[in-house]
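If you want the building blocks of each chain, they are given just below.
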Amino acid sequence: MVGHLPEETTSFVGRAAELVTVERALRTHRLTTLTGPGGVGKSRLALRAADRAAERFPDGVRWADLSPLTDDRLLLVTVSDAVGLSDHTLRMPVEALCEWLADRRTLLVLDCCERLVNPCAQLVADLLTAAPGLTVLATSRQPLGTLDEERVEVAPLPLDGDDEKGLALALFRERAATAAPGISLDDPAAMAAAQEICRRLEGIPLALELACARLGENSLEQIAERLTSRLDLLTDGTAWPRRHRALRTAIGWSHELCAPLERLLWARLAVFGGDIEEADARAVCSGGPLSADDVTRALAGLADRSVIRRDGARYRMLDTLREYGALWLAELGEERALADRHATYFAALVREAHAGWLGHDQVAWYGRIADSHSELCAALDHFLATDPAAAQEMAGRVGFFWTCCGHLHEARIYLERTLAAHHTPGPDRTRTMWALGLTVMLQGDHESAHRLGERCVTAAWRDKDPESTLSAAYLLGLTSLMTGRTQAGHTVADRALRAVGGDGFSYPSELRCRLVRVFALTGLGRLGEAGEEAAALREECAARGECWTRSYADYQLSLVHLLSGRPHEAETHARSMLAGKHQLRDSFGIALGLDLLAAAVAAQGDGERAARVYGTGQAYWDMVGHPQRGTPELAAVRAECERRAREAAGDRGYEDEFRRGLSENSAHGLARALRGPLP
């Protein structure tokens, strides 16, 4: 979970004194860390405190869940995603993140730092130095150890209180009412049993919730007796500190009372790092005595017992419970087998997404790849250690998705690693080189991208594979356009298209080469031809449900209409382009589209509206870390349209509206642009 605060799905009980302490700390310290054992309620307290402090942070409260991360390579990516940065430059990621936050007054919540304490400490120190308006609230089982860190120890809920019941019992009462509405604590025997459960579990919220989840099949008295008498087999193990005995007892007892297939699924689910789709669990975790249908039933059972939680169509497992499952997975001797199955499954998912690029499900595949990000990285890491050829195939197929999703730094790392790990020539290696070339081009290194394009041309000749030929031509043609060699770009793309001779939709890069040819025709001033080709391409894409190419065809149609003196038509196509890029979560494409929309509005004489759209566009350019970009000929168009907008609105009016567009929430600004002029 990254970005804005997650929703609270259960009631918040007690913690009034702790909330006051945290609120005071957030006002007087720039780093506050909530510490305490697993299951004590650090995340819930942080969520409530952040929500109450939100009004003091005009640039927002951002939440980064670090629990899926097992090493520091994904830390910067996760935090960047949380704060809305999709950096497309060659800068070091930490440098880009520091610059992005430098002038913002933001509260950043880093949840579950315990696995990456030292990397988190270094990152927080860098961010706080670079961004004077930043405040960080962290949760961790141990302090980060940085200078001026304010530590707030989160203790279990008190067992006794002024009302002689205590907050632990208050939480137990609320959760019991949800789990078993027919059970009442008014009877003295029931109250005594509930108090004994709270004492036995030492007021630890997670332990109490696990106990309440058993009330549908056990009485209060039975739970109290079993908690007192049972022996947790892992109590004396070294993996869990002895001071966490109560939580270990509750988790172990909950595990013991699960059905055998539920226990097996609990262990196997530990292979997942993030949220879990039911289809993924069925594919990865079934086997042996656990059929795919058994997985579905066991998921429901584990959810009923609060071991996992439903979050829309997905399931979430708390890190503490995942750790327990991992212990049992190791005990079962299934760690390697599950890691193999997990990696193989997600490699197949990427293969299917790549094959579905040209179909009606393109947008859905984008979302699926984006939502599975941590699992794909885990699969690639596993293959790099066990099967470099599989890693290269997977990286090459996912690389284009990642570049469009904005994960350029990460894409580059994995693409370079897989190229270094496996040297056998073939279409998979060519595709990986192509994806790397596209990545460095989007980072602004056009010359390096062009050299990679030339290498792809050589490799494609050896492959004798049409997709390799078209991919190489797309990269070489696009880098030619970006470096002002417009005729060369047209020639490269046109020759490849004629050589392959497909039907227009035979290969993914066939569409991309057609786009290059349209861009080149526009750059060469052959607007009639460009408009005809772009319109035909757009119509074909719309008929087949293809979104990415269609949005760029709209972009070119908008530009052609603008250059031909038809600004109203240009505005229509620019807005259509923006709608497509918004569906694909493509910040770079959105920035391009907003610039073109602003130009079309300016050409109609509405300077103030154009200025506001330009301001929103600048917010997106800041998000991707580039100055305004695009093919070289766009610079003159942009400059002329900005001049018109200033002339129409006046310098003061232009600057005021530009600042409004720049400073408002970027998503709201985009929504306004998509709606069109306000009445």
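Right, let's walk through the structure included here.

What to know about the sheet that holds strand 7 (residues 276-277)
- Across the sheet, which stays open at both edges, the 3 strands sit in the order 7-9-8 with antiparallel pairing between neighbours. On the outer flanks of this sheet lie strand 7 and strand 8 (309-311), each paired with one strand and no other.
- Pairing geometry for strand 7 and strand 9 (residues 314-316), over 2 bridges, is antiparallel. Paired with Ile-276 across the strands is Tyr-315, a residue of strand 9.

Quick look at the pairing of strand 2 (residues 31-35)
- In terms of residue burial, strand 2 counts as a mostly covered element, since 5 of its 5 residues are buried.
- Alternating positions in strand 2 separate into two faces, Leu-31, Thr-33 and Thr-35 on one and Thr-32 and Leu-34 on the other, with burial throughout.
- Across 5 bridges, the pairing between strand 2 and strand 5 (residues 134-140) is parallel. By the bridge assignment, Thr-35 is partnered in strand 5 with Ser-140.
- Direction of pairing for strand 2 relative to strand 6 (residues 150-153): parallel, over a ladder of 4 bridges. Paired with Thr-32 across the strands is Glu-150, a residue of strand 6.

Structural notes on the pattern of salt bridges
- Here the structure, examined in full by the defined rule, presents 47 salt bridges.
- For Asp-319, the salt bridge identified is with Arg-322, shortest N-O distance 3.6 Å. In this pair, Asp-319 and Arg-322 are both assigned in helix 14 (residues 319-332), 3 residues apart and thus about one turn of the helix distant. For the pair formed by Asp-319 and Arg-322, the shared burial category is buried.
- Linking Arg-660 and Glu-657 is a salt bridge whose minimum nitrogen-to-oxygen distance equals 3.1 Å.

Some words on the packing of helix 3 (residues 75-83) against helix 5 (residues 117-130)
- Between helix 3 and helix 5, the shortest axis-to-axis distance is 11 Å and the interhelical angle comes to 50 degrees. Overall, the two elements helix 3 and helix 5 adopt an arrangement that is oblique. For the pair helix 3 and helix 5, the sense of crossing is right-handed. Taking contact as the criterion, the partners of Leu-75, Leu-76 and Val-79 in helix 3 are, on helix 5, Pro-119, Cys-120 and Leu-123.
- The residue makeup of the contact of helix 3 with helix 5, split by class, is 6 nonpolar, no polar and no charged.

Re the packing of aromatic side chains
- All told, the structure shown has 17 aromatic pairs when counted by the stated rule.
- Seen from their ring centres, Tyr-654 and Phe-658 are 6.2 Å apart, and the 15 degrees between their planes marks the pair as stacked. Placement of both Tyr-654 and Phe-658 in helix 30 (residues 634-663) is noted, with a separation of 4 residues, approximately one turn of the helix. Across the pair, exposure class does not vary: Tyr-654 and Phe-658 are buried alike.
- Taken together, the ring pairs in this structure connect Trp-357, Tyr-366, Phe-400, Phe-401, Trp-434, Phe-519, Trp-548, Tyr-552 and Tyr-555 into an aromatic cluster.

Some points on the packing of helix 12 (residues 278-285) against helix 15 (residues 335-355)
- Closest axis-to-axis distance for the helix 12/helix 15 pair is 9 Å, and the angle between their directions is 130 degrees. Looking at the two axes, helix 12 sits oblique to helix 15. For helix 12 against helix 15, the interelement crossing comes out right-handed. From helix 12, Ala-279, Asp-280, Ala-283, Val-284 and Cys-285 reach across to helix 15, where they touch Leu-338, Arg-341, His-342, Tyr-345 and Phe-346.
- Split into classes, the residues belonging to the contact of helix 12 with helix 15 amount to 7 nonpolar, 1 polar and 2 charged.

Describing the pairing of strand 5
- With 7 of its 7 residues buried, strand 5 lies for the most part within the structure.
- A two-sided burial pattern is seen for strand 5, the buried positions comprising Leu-134, Val-136, Ala-138 and Ser-140 on one face and Thr-135, Leu-137 and Thr-139 on the other.
- Once the chain exits strand 4 (residues 106-111) it traverses helix 5 before rejoining the sheet at strand 5, and the crossover so formed is right-handed.

Examining the side chain of Lys-42
- Along the chain, Lys-42 turns up in helix 2 (residues 42-53).
- The charged side chain of Lys-42 is buried without a salt bridge, its nearest counter-charge being Glu-114 at 5.4 Å.
- Setting aside anything within four residues of it in sequence, one finds Lys-42 in contact with Leu-34, Thr-35, Gly-36, Pro-37, Thr-139, Ser-140, Arg-141 and Val-154.

Notes on the environment of Trp-100
- On the secondary structure map, Trp-100 appears in helix 4 (residues 93-101).
- In this structure Trp-100 comes out as buried when scored by relative accessible area, which is 8%.
- In the structure, Trp-100 is positioned 15 residues away from Leu-85 in sequence and 7.1 Å away in space, judged by C-alpha atoms.
- Setting aside its immediate chain neighbours within four residues, Trp-100 contacts Val-83, Gly-84, Leu-85, Ala-619, Asp-622 and Met-623.

Rules and cut-offs
Residues numbered from 1 in each chain as written. Predicted model: local features only at pLDDT ≥ 70, side-chain atom pairs only at ≥ 80, totals over all residues. Heavy atoms only, no water. Pairing = 2+ DSSP bridges. Helix = DSSP H or I, 4+ residues; strand = E, 2+ residues; numbered from the N terminus. Buried < 20%, exposed > 50% of the residue type's maximum accessible area, 1.4 Å probe, protein only. Salt bridge = Lys/Arg side-chain N within 4 Å of Asp/Glu carboxyl O. Axes fitted to C-alpha atoms, helices over the stretch in contact; angles between N-to-C directions. Parallel < 35°, antiparallel > 145°, perpendicular 65-115°, else oblique. Left-handed = near helix turned anticlockwise from the far one by under 90°. Contact = heavy atoms within 4.5 Å. Nonpolar A, V, L, I, M, F, W, Y, C, P; charged D, E, K, R; others polar. Phe/Tyr/Trp six-rings, centres within 6.5 Å; stacked < 30°, edge-to-face > 60°. Right-handed = clockwise from strand over helix to strand, strands pointing away. Lys, Arg positive; Asp, Glu negative; His and termini not counted.

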